[in-house]
Amino acid sequence: MTFATPELLWLLPIVALLAAFRLLRPGRAASLSIADGEAAEVASRPTWRLRFRWLPTALRIAALLVAIVALARPREGLAITQLPSEGIDIVIAVDVSISMTISSGTAPGATRLSDAQAVVSAFVESLEGDRVGLVIFQSRALALAPLTHDLEAIQQRIETLEPGLVVDGTAIGLGITEAVALLEQSPARSRVVVLLTDGHNNVGEIQPLEAARIAQALGVHVYTIGFVSGGGIAGTAVDAQTLRAVSESTDAKFYNARTQEELLQAYTDIGELERSRVGQRRFVAFREFAPWFLLGVLGLLLAELTLRVTWLRRYP
């Protein structure tokens, strides 16, 4: 349950403090005089009316507290109505070249690829409601999964990533092109490619900047992440200049990540940036509970009034 105006709930502790002061302060002297003997008898044998003389006030305070909750509009979201053009479609492109199997040093047996798999899987888990596709690349690029809402299937694919499906190499341009092809017919307002590599383009007939121009023409944002953790080997340096140019030309950003934490932060930033482009998804249909709370307020006030004019009526 959520509240449409939760700031009103701050009134609850204030009213509760005032109520405690009202109920616990000494009662005023009775206005109706009675004989001393009768007063002593009443004091020694208090009636139920005297014992519960605080009840009408307590009912009024309870009504006030419930009224505050009602004004805060408690409600339960029923559904999100989201047109296809209002979501985010994301294609994740992962470099699975041999260099990604280098030890990352984050844990025994951990590699750059295993670190990337863990972070990408967590990123996919945060994309509930969005469609996700998956592309891998070495000397060629392969689409492992089309755009889908089945995030569990995407995560299963991510867990099985490994080099060897094609000849080794780092075809960044082909990776971008394949990812953009998955997004070409997408009706989403925000269409995104997130490409991760630990090297530079060294194979393929399409250069990264050529692929970026295709993405730019289609309105696709290409975020690039250069990830070089652990020890390096000759020829695997990230071409940060080209990756940055690719991202900037498509109104996106380049991230240089050297640790798994920096890699996680890069994906987190990308998710926040793209979410800000389309706005947060909101419930558009609610079950409102305020009317039921207002009925409770009415019931409490009627109970108070009934007690004040009948059993607990006070005399002037």
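Coordinates for the structure precede this section.
Thresholds applied
Residues numbered from 1 in each chain as written. Predicted model: local features only at pLDDT ≥ 70, side-chain atom pairs only at ≥ 80, totals over all residues. Heavy atoms only, no water. Phe/Tyr/Trp six-rings, centres within 6.5 Å; stacked < 30°, edge-to-face > 60°. Helix = DSSP H or I, 4+ residues; strand = E, 2+ residues; numbered from the N terminus. Buried < 20%, exposed > 50% of the residue type's maximum accessible area, 1.4 Å probe, protein only. Lys, Arg positive; Asp, Glu negative; His and termini not counted. Salt bridge = Lys/Arg side-chain N within 4 Å of Asp/Glu carboxyl O. Polar contact = N/O pair within 3.5 Å; in protein donor to acceptor, adjacent residues only side chain to side chain. Contact = heavy atoms within 4.5 Å. Expected span 1.5 Å × (residues − 1). Pairing = 2+ DSSP bridges. Axes fitted to C-alpha atoms, helices over the stretch in contact; angles between N-to-C directions. Parallel < 35°, antiparallel > 145°, perpendicular 65-115°, else oblique. Nonpolar A, V, L, I, M, F, W, Y, C, P; charged D, E, K, R; others polar.

Draft legend 1. Molecular detail of the packing of aromatic side chains. Enumeration over the complete set of coordinates arrives at one aromatic pair. With 5.0 Å between their ring centres and 50° between their planes, Phe123 and Tyr267 make a pair best called tilted. Placement of the pair is Phe123 in helix α5 (residues 112-125) and Tyr267 in helix α10 (residues 260-278), with a sequence separation of 144 residues. Take Phe123 and Tyr267: they sit in the same class, and that class is buried.

Draft legend 2. Spatial organisation of the side chain of Asp115. Its place among the elements puts Asp115 in helix α5. No salt bridge forms around the buried Asp115; measuring N to O, its nearest opposite-charge neighbour Arg112 is 8.2 Å away. Separated by 3.1 Å, the side chains of Asp115 and Thr106 make a polar contact. Residues contacting Asp115, with those up to four places away along its chain left out, are Ser104, Thr106, Ala110, Phe227, Ser229, Gln260 and Leu263.

Draft legend 3. Inspection of helix α4 (residues 55-71) at higher detail. For α4, spanning 17 residues, the distance from its first C-alpha to its last is 24 Å, which sits close to the expected 24 Å at 1.5 Å a residue. Buried within α4 we find Pro56, Thr57, Ala58, Leu59, Ile61, Ala63, Ala67, Ile68, Val69 and Ala70. Looking one or two residues beyond α4, the residue adopting positive phi is Arg73, at roughly 60°.

Draft legend 4. Geometry of the pairing of strand β6 (residues 190-197). For β6, a buried count of eight out of eight residues is recorded, marking the element as mostly surrounded by other parts of the structure. Along β6, one buried face is formed by Ser190, Val192, Val194 and Leu196 and the opposite face, lined by Arg191, Val193, Leu195 and Thr197, is buried too. Looking at chain direction, strand β3 (residues 88-95) and β6 are connected through seven bridges and run parallel. By the bridge assignment for β6, Asp89 is matched with Arg191. The pairing of β6 with strand β7 (residues 221-227) spans six bridges and is classified as parallel.

Draft legend 5. Local environment of the packing of helix α8 (residues 208-218) against helix α9 (residues 240-249). Where α8 contacts α9, the axes come no closer than 9 Å and their chain directions differ by 10°. By the angle between their axes, α8 is roughly parallel relative to α9. Across from Pro208, Leu209, Ala212 and Gln216 in α8, the residues of α9 making contact are Thr242, Ala245, Val246 and Ser249. Residues that form the contact of α8 with α9 fall into these classes: five nonpolar, three polar and no charged.

Draft legend 6. Layout of the environment of Tyr267. The buried category is assigned to Tyr267, whose relative accessible area is 2%. With 148 residues separating them in the primary sequence, Tyr267 and Val119 have C-alpha atoms 7.8 Å apart. Those residues in contact with Tyr267, other than ones at most four positions away along the chain, are Val119, Val120, Phe123, Val194, Leu196 and Ile225.

Draft legend 7. Examining the pairing of strand β5 (residues 141-148) more closely. Relative to β5, strand β4 (residues 131-137) is paired through five bridges, and the arrangement is antiparallel. Residue Val132 lies in a different strand from β5, and its bridge partner there is Thr148.

Draft legend 8. Examining the sheet that holds β3 more closely. Read across the open sheet, the six strands follow the order β5-β4-β3-β6-β7-β8; overall the sheet is mixed. The sheet is open, and its two edges are formed by β5 and β8 (254-257), each paired on a single side. With direction set aside, neighbouring strand axes in the sheet form an average angle of 15°. In the packing of α5 onto the sheet, the strands contacted are β3, β4, β6 and β7, and the crossing angle to β3 comes to about 175°. Contacts from helix α6 (residues 151-159) reach β4 and β5 within the one sheet, and its direction differs from that of β4 by about 15°.

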